[in-house]
Amino acid sequence: MRTQIVAIVLISLTTVASAQEDLLACLDPDVRQGLLIGLTDPAALVTRTVPDELAGLPQSDDIEFIGSSVSGFSTNAAYKSALTTSDAAETVTAMLLDTGWTELSMGGPPSGGFVTAERSHSGMFCRESSMLNLLGRPVADSSFVHLIVMPNMMVTPNGGRASCEEFAAPQGRGFVGTNGFATVYEHMPTLTLPEGVTPLDPRSATTRTPGFSTGSPLSASTEVQVETDGSVQDLVEQFGQQLVDQGWVLDNRWDGDYSSGSTWTRSPTEELHLFGLLDVISLVESGYRASFRASTREPQ
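All residue numbers here refer to positions counted from 1 along the written sequence of the relevant chain. Local features in a predicted model are, by the rule used here, given only for residues with pLDDT of at least 70; side-chain atom pairs are given and counted only at 80 or more, and totals for whole chains, interfaces and linings are based on all residues. Neither water nor hydrogens contribute to the side-chain values; these are computed over all heavy atoms in the structure.

### Side note on the overall build of the protein chain
(1) Moving on: Helix and strand assignments follow DSSP, with helices taken as H or I runs no shorter than four residues and strands as E runs no shorter than two, numbered in order from the N terminus. Of the regular secondary structure elements, the protein chain holds six helices and 16 strands.
(2) Moving on: What makes two residues a contact is simply this: any of their non-hydrogen atoms within 4.5 Å. Across the protein chain, the fraction of contacts at a sequence separation of at least 24, relative to all contacts at a separation of at least 6, is 59%.
(3) Moving on: With the model as given, the accessible surface of the protein chain reaches about 16,100 Å², and the carbon-plus-sulfur share is 51%. Per-residue and other accessible areas follow the Shrake-Rupley method at a 1.4 Å probe size, with only the shown protein chains counted as cover for residues.

### Quick word on the pairing of strand S15 (residues 274–282)
(1) Moving on: Summarising the sheet, strand S14 (residues 259–266) and S15 pair through eight bridges and their orientation is antiparallel. Within S15, the position partnered with tryptophan 264 by the bridge is glycine 276.
(2) Moving on: Relative to strand S16 (residues 288–296), S15 runs antiparallel, the two sharing nine bridges. Each residue of the ladder has a partner; that of leucine 277, found in S16, is arginine 293.
(3) Moving on: At least two bridges found by DSSP between two strands is the condition for calling them paired. In this antiparallel pair of consecutive strands, S15 and S16, the connection spans five residues, and glycine 287 shows a positive phi of 85 degrees.

### Focus: the pattern of salt bridges
Working definition: two side chains of opposite charge can pair if their charged atoms are close together.
(1) Moving on: Should a side-chain nitrogen of Lys or Arg be within 4 Å of a carboxyl oxygen of Asp or Glu, the pair is scored as a salt bridge. Counted by the stated rule, this structure contains three salt bridges.
(2) Moving on: Between arginine 289 and glutamate 223 there is a salt bridge, with the nearest N and O atoms lying 3.9 Å from each other. Here glutamate 223 lies in strand S12 (residues 219–227) and arginine 289 lies in strand S16, a separation of 66 residues in the sequence.
(3) Moving on: Look at glutamate 223 and you get partly exposed, because its relative accessible area is 44%.
(4) Moving on: For arginine 253, the salt bridge is made with aspartate 255, and the minimal N-O distance between the two is 3.4 Å.
(5) Moving on: Only protein chains enter the accessibility calculation, which uses a 1.4 Å probe; a residue is then buried when its area is under 20% of its type maximum, exposed when over 50%, and partly exposed in between. The class for arginine 253 is partly exposed, based on a relative accessible area of 35%.

### With respect to the packing of aromatic side chains
(1) Moving on: Put simply, two rings from Phe, Tyr or Trp (the six-membered ring, in Trp's case) pair if the centres are within 6.5 Å, and we call them stacked under 30 degrees between planes, edge-to-face over 60, tilted for the rest. Counted by the stated rule, this structure contains three aromatic pairs.
(2) Moving on: Considering the side-chain rings of phenylalanine 65 and tyrosine 79, the 5.4 Å spacing of their centres and the 65 degrees angle between planes classify their relative orientation as edge-to-face. Separated by 14 residues along the polypeptide, phenylalanine 65 in strand S2 (residues 64–70) and tyrosine 79 in strand S3 (residues 75–81) bring together distant segments of the chain.
(3) Moving on: Relative accessible area serves as the criterion here: at 6%, tyrosine 79 is assigned to the buried category.
(4) Moving on: A centroid spacing of 5.4 Å and a plane angle of 85 degrees characterise the contact between tryptophan 248 and phenylalanine 292, whose relative ring orientation is edge-to-face. Residue tryptophan 248 is located in the loop between helix H6 (232–245) and strand S13 (249–255), and its partner phenylalanine 292 is located in strand S16; the two are separated by 44 residues in the primary sequence. The pair tryptophan 248 / phenylalanine 292 is uniform in exposure class, with both members buried.

### Focus: the sheet that holds strand S6 (residues 121–127)
(1) Moving on: The sheet built from seven strands is open, its strands ordered S1-S2-S3-S8-S7-S6-S4 with antiparallel pairing. Two strands lie at the open edges of the sheet, namely strand S1 (45–47) and strand S4 (102–104), each paired on one side alone. Each neighbouring strand pair of the sheet contributes to a mean axis angle of 25 degrees, computed without reference to strand direction.
(2) Moving on: With three bridges joining them, S4 and S6 adopt antiparallel strand pairing. Helix axes are fitted to C-alpha atoms over the stretch in contact, other axes to C-alpha atoms as well, and angles between N-to-C directions run from 0 to 180 degrees.

### Remarks on unusual backbone geometry
(1) Moving on: Phi is positive for glutamate 128, close to 55 degrees, though the residue is something other than glycine.
(2) Moving on: Structurally, glutamate 128 can be placed in the loop between S6 and strand S7 (130–139).
(3) Moving on: Overall, the relative accessible area of 63% leaves glutamate 128 in the exposed class.

### Here's the deal with the nonpolar core
(1) Moving on: Counting 25 residues, the largest nonpolar core has Phe239 and Phe292 as its most contacted members.
(2) Moving on: For this core, the secondary structure elements donating two or more residues are helix H5 (182–185), S12, H6, S15 and S16.
(3) Moving on: No other element matches the five residues that H6 contributes to this core.
(4) Moving on: Here, nonpolar core refers to any group of buried Ala, Val, Leu, Ile, Met, Phe, Trp, Tyr and Cys residues whose side-chain atoms link them within 4.5 Å. Formed by 17 residues, the second largest nonpolar core is a distinct cluster that contains Leu54, Leu57, Val145 and Val149.

### Some words on helix H3 (residues 85–98)
(1) Moving on: Helix length check: H3, at 14 residues, gives a terminal C-alpha distance of 20 Å against a target of 20 Å (1.5 Å per residue), a fit within 8%.
(2) Moving on: Among the residues making up H3, those that are buried are Thr85, Ala88, Ala89, Val92, Thr93, Met95 and Leu96. The buried side chains of H3 occupy one side of the element, clustering within an arc of 160 degrees when seen end-on. More than 90 degrees from the buried face of H3, the exposed residues found are Glu90 and Asp98. Each residue after the first adds 1.5 Å to the expected span of a helix. Think of it as the arc spanned by the lines of direction from the helix axis to the C-beta atoms.

### Section: the environment of leucine 218
(1) Moving on: Looking at the element boundaries, leucine 218 is found in the loop between strand S11 (212–213) and S12.
(2) Moving on: Residue leucine 218 is classed as partly exposed on the basis of its relative accessible area of 28%.
(3) Moving on: Taking the C-alpha atoms as reference points, leucine 218 and threonine 296, 78 residues apart in sequence, are found 5.8 Å from one another.

Shown next as structure tokens:
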């Protein structure tokens, strides 16, 4: 009976204006966070049952199944975890791989740069003729992972049908373009804000994406403005330790009255040699601006 009530309420809300959002307060909070997103088909069936497409997924003490919404064109299964969003997404990814799903490399935004809040995570998988999108997102102190399964969605660039094996092959993924910045982007370090360091603009903590800019296909940069009781030297040292942990090697360092910084090198492959510049400057009124720029050492 409870499942039927939840389904009826959700179906009625799919066409209701956002001004009636408070009506969702009567729903199970996990159902609300896990299944309301993407529920646009008024005929979707909301249930606590694991859908057939995911029935074989292994059990995990760290991942809790919330429920699923099934419509004529897709199935959305929701999971909840106390793990970080990245760890929860990795755990579910391993579960999918164990049951025959193949992960597709689809390109996308870089994963490195300064991190001011926990990010959402996404992935794409295929099995036989079905496509699956994974979306992990942080909500309060929990993480929700959505698995959206779309049957008969294996389509080639020319509009024909393809098997998962054909689609996952390098030639099958050829239409997924990567821009000229991918080489540097994919090796950008992830720099998290140390304890006691907060974004100067509170709105930046909600973006969950690093601030990237580029000057050429052979370089990339990221920056963030923060406030802290520490000094510019403290910030350079703290971010520098994160660079060391990610395989960067210190080249040189300088300290001034209003700025501090260091230079770094890293060779992630035999063909790719990177140079990094980390600097922190003191802003006029308050706070600091930290930036990291990476570029290849190869001639253009």
